[in-house]
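Per-entry structural report
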Amino acid sequence: MRHLGILVAACVLVAGPSAVAAAQDDKSVDVESMTVNELVDVLQDRRNPWTDRACTVGVPVHAELNKRIPGRDFIQSGLLLAEALCADENDEYALGAAKVAELEALSPEQDFTGLGLYFARQSEDAPAALERLRGLTDKQMSGLGREQLWAVGRMLNEQGTTTEYEALALHWANSGKLGLFDIDLQSSLARNALISASASDETVNVDGMLALIRRPRSYTDMLADRRLEPFWPQIEERAGVGLTAITAEFSDWALARLDTNEGDRDRFSDAAHALHFEGRFDEAVKLAQSWRNKQDDLDTIKEGDGWALNIQAYAYDALGETDKADAVFDALAAIDYEENYWVVNFVINRASRLIGRGRWEEGLEAAKLAREVAKENGSPYAKMIVAEDHACALTKLGRDAEAEAELEYLRENWKDSATLAASGLMCAGKRDEAASLVRTAIADERYRDGVIGNLQADKFELFYAPSILPGINDLLSDYPELRADFEKYARAIPDEYTPAAHGLRKDT
């Protein structure tokens with residue numbers, strides 16, 4: 001299974017040890033020559049799980065067992081599961097969804113909701129995904145992974161069913177269900193519920209929803225979003241002038257959570273981010289360094305540690321200590337990306353930072369590494385960042401012909417990020433084309449949110465280091481039609497909510 005990221009269990013017979021070695025490669029198992037016990041041993045081999053070789057091992061072994069011992073539901077269930085996972089290996093997602101439906105009918109006591117949601121997402125079947133979400137039990141809500149639901153949400157948006165998803169979030173909110181979800185899911189669902197309540201006759205506990213939205217970056221989005229205009233007074237009060245109220249609360253919350261479980265690397269990352277957002281750059285550096293001080297090298301690093309070090313680098317930039325920031329990013333880029341897929345985030349951030357500082361030659365070399373890493377581990381969005389970085393660096397180095405190939409990639413894939421496509425065009429001086437592209441994105445509700453936030457002034461950026469590259473917000477002053485489009489769906493965030501951290505930086 002290349003993409004599932006979920007746990008699946010096979011129902012197998014209980015048998016004693018066998019001398020037969022299970023297949024160790026991708027070749028099909030010679031099932032006809034094996035005894036029942038030997039077939040079962042193949043399924044029970046935890047060192048070489050059949051779920052990783054569903055087509056060549058899982059399907060033939062279960063099929064042979066089903067032939068020799070017919071009428072056993074648990075063997076038939078195993079076969080259906082193997083066929084579903086084999087369908088995934090072959091990118092036959094509709095077939096996989098059909099197999100899951102058969103599996104659920106045969107074994108209703110088993111929970112295959114995660115697998116069903118996966119195939120609904122991969123087959124872009126919005127009605128099926130919404131039906132599954134509407135049928136979630138309390139236990140399933142509690143066990144739903146945030147990356148999984150976010151991915152389903154992205155698919156629903158791409159299929160033009162965001163309104164239905166937001167209405168479902170409002171239903172969950174008014175049913176008291178949001179607290180069952182992962183903490184970060186609570187935040188995104190609460191915002192969806194507010195949007196749905198604003199657009200409908202239904203009411204919602206606004207303050208209760210805002211209490212679930214803890215991350216300061218969400219507030220810069222909400223302070224701009226006209227869909228939330230009825231709730232701006234409460235949002236403004238919770239954010240506080242200079243975002244000081246929400247950044248302080250987030251720091252208190254993140255640091256308290258870290259104190260209760262210092263081994264949780266996601267909490268460690270959250271704490272580092274919180275200090276950075278509040279402008280406590282020295283403390284963010286020290287927190288990240290506390291991990292480095294305990295390690296001889298980066299061999300034991302986890303993704304959460306990486307994000308904390310990423311923040312350490314940005315905090316060094318904010319303190320004007322560029323060389324130290326360079327050293328942190330260079331160390332992150334040296335981590336084995338074949339063993340740690342998430343390193344893609346940091347090699348990309350390293351390249352974008354260098355190019356954003358006008359260090360064209362260094363940035364281009366860093367972008368080449370980022371492209372190599374993103375080839376295997378990068379999302380479509382990550383590949384757009386890499387293309388934009390190449391386009392900007394190559395243009396600044398006078399290598400326009402090479403830059404044009406990158407621009408063409410950005411044009412062809414703009415739906416993966418209209419902001420990045422337009423920014424790359426602006427780097428090449430194609431401002432009219434960039435403005436037209438942004439207007440196209442704003443006109444389509446599927447892509448609107450992706451550009452609205454980036455049309456705000458740079459001072460509202462809480463995470464990334466400042467860049468000398470043109471941003472799409474620069475277009476508003478020169479293109480009245482674009483500004484009119486923007487103001488239909490958003491407002492320029494009032495200056496009084498400029499993050500206090502912005503004024504504490506030494507690199508602006």
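An account of the accompanying structure is given in this report. Quick caveat: nothing in here was measured; it's all calculated off a predicted structure. (Residues numbered from 1 in each chain as written. Predicted model: local features only at pLDDT ≥ 70, side-chain atom pairs only at ≥ 80, totals over all residues. Heavy atoms only, no water.)

Attention now moves to the packing of helix α6 (residues 126-134) against helix α9 (residues 162-174). At a closest axis distance of 11 Å, the pairing of α6 and α9 adopts a crossing angle of 0°. Looking at the two axes, α6 sits roughly parallel to α9. Packed against α6, whose contacting residues are L130, L133 and R134, the element α9 presents E164, Y165, L168 and W172 at the interface. Of the residues in the contact of α6 with α9, the class split is 5 nonpolar, no polar and 2 charged. (Axes fitted to C-alpha atoms, helices over the stretch in contact; angles between N-to-C directions. Helix = DSSP H or I, 4+ residues; strand = E, 2+ residues; numbered from the N terminus. Parallel < 35°, antiparallel > 145°, perpendicular 65-115°, else oblique. Contact = heavy atoms within 4.5 Å. Nonpolar A, V, L, I, M, F, W, Y, C, P; charged D, E, K, R; others polar.)

Attention now goes to the state of the cysteines. In this structure the tally under the stated criterion is 2 disulfides. A sulfur-sulfur separation of 2.0 Å characterises the disulfide bridge that pairs C55 with C86. The sign of the 105° torsion about the S-S bond sets the C55-C86 disulfide as right-handed. Pair noted here: C55 is in helix α2 (residues 54-68) and C86 is in helix α3 (residues 73-89), with a separation of 31 residues, a long-range link. Overall, C86 belongs to the buried group, its relative accessible area being 15%. Disulfide pairing places C392 opposite C427 at an S-S distance of 2.0 Å. Negative torsions about the S-S bond denote left-handed disulfides, and the value of about 85° found for C392 with C427 makes this one right-handed. Of the two residues, C392 is situated in helix α21 (residues 380-396) and C427 in helix α23 (residues 418-427); the sequence distance between them amounts to 35 residues. Judged by its relative accessible area of 6%, C427 falls in the buried class. Each disulfide in the chain links cysteines that, numbered along the sequence, combine into the pattern 1-2, 3-4. (Disulfide = S-S within 2.5 Å. Buried < 20%, exposed > 50% of the residue type's maximum accessible area, 1.4 Å probe, protein only.)

All chains considered together, the criterion is met by 12 aromatic pairs. For the pair Y314 and F329, a centre-to-centre distance of 5.6 Å together with 65° between the ring planes defines the contact as edge-to-face. Taken together, the residues Y314 in helix α17 (residues 303-318) and F329 in helix α18 (residues 322-333) connect sequence positions 15 residues apart. Per residue, the accessibility class of Y314 equals that of F329, and both read buried. Above the face of the Y489 ring, R448 is positioned so that its terminal group lies 3.8 Å from the ring centre. (Phe/Tyr/Trp six-rings, centres within 6.5 Å; stacked < 30°, edge-to-face > 60°. Lys NZ or Arg CZ within 6 Å of the ring centre and 35° of its normal.)

This paragraph deals with the packing of helix α1 (residues 36-43) against α2. Two elements in contact, α1 and α2, have axes separated by 10 Å at closest approach and are oriented at 145°. Two packed elements cross with a definite hand, and for α1 against α2 that hand is left-handed. On α2, the residues touching V36, L39, V40, V42 and L43 of α1 are V57, V61, H62, E64, L65 and R68. Its residues assigned to classes, the contact of α1 with α2 shows 8 nonpolar, 1 polar and 2 charged. (Left-handed = near helix turned anticlockwise from the far one by under 90°.)

A word on helix α13 (residues 232-239). The set of residues buried in α13 consists of W232, I235, R238 and A239. Looking straight down α13, one finds its buried side chains confined to an arc of 130°; they lie on one side. Opposite its buried face, α13 presents the exposed residues P233 and E237, each directed more than 90 degrees away. Looking at the buried positions of α13, the neighbouring elements they touch are α11 (206-212), α12 (216-222) and α14 (244-260). Of the residues flanking the end of α13, it is G240, one or two places downstream, whose phi is positive at about 80°. (Arc of directions from axis to C-beta.)

Here the focus is the pattern of salt bridges. Overall, the coordinates contain 44 salt bridges when judged by the stated rule. Of the charged contacts, one joins E166 and R227 as a salt bridge, the two residues approaching to 3.9 Å between their closest N and O atoms. Of this pair, E166 sits in helix α9 while R227 is found in the loop between α12 and α13, placing the two residues 61 residues apart along the sequence. Its salt-bridge partner being R357, residue D317 comes within 3.1 Å of it at the nearest N-O pair. With D317 in helix α17 and R357 in the loop between α19 (343-356) and α20 (360-377), this residue pair connects regions lying 40 residues apart in the sequence. (Salt bridge = Lys/Arg side-chain N within 4 Å of Asp/Glu carboxyl O.)

Another point: the nonpolar core. Judged by nonpolar contacts, the single largest core of 127 residues is most densely connected at L133, L156, W172, L194, M209, I235 and L475. Beyond its immediate stretch of four places on either side in the chain, M209 contacts A173, L178, A190, A193, L194 and V204. By size, the runner-up hydrophobic cluster in this structure holds 29 residues, among which are L43, V57, L65 and F119. (Core = buried A, V, L, I, M, F, W, Y, C linked by side-chain atoms within 4.5 Å.)

This paragraph deals with a negative patch on the surface. A cluster of acidic residues, D336, E338, E339, E372 and E376, forms a negative patch at the surface. Topologically, E338 is positioned in the loop between α18 and α19. (Patch = residues over 30% accessible without salt bridge, like charges linked within 9 Å, V, L, I, M, F, W, Y side chains within 5 Å. Areas by Shrake-Rupley, 256 points an atom, 1.4 Å probe, with all protein chains shown as cover. Lys, Arg positive; Asp, Glu negative; His and termini not counted. Charge placed at Lys NZ, Arg CZ, Asp CG, Glu CD.)

Turning next to the environment of T51. Position of T51 among the secondary structure elements: in the loop between α1 and α2. When its relative accessible area of 12% is taken as the criterion, T51 is described as buried. Distance from T51 to A82, taken between C-alpha atoms, is 7.1 Å for residues 31 residues apart in sequence.

The next point concerns the side chain of Q312. Structurally, Q312 is set in helix α17. You can call Q312 buried: its relative accessible area is 0%. When sequence neighbours within four positions are dropped, the list of residues in contact with Q312 reads V285, A288, Q289 and V328.

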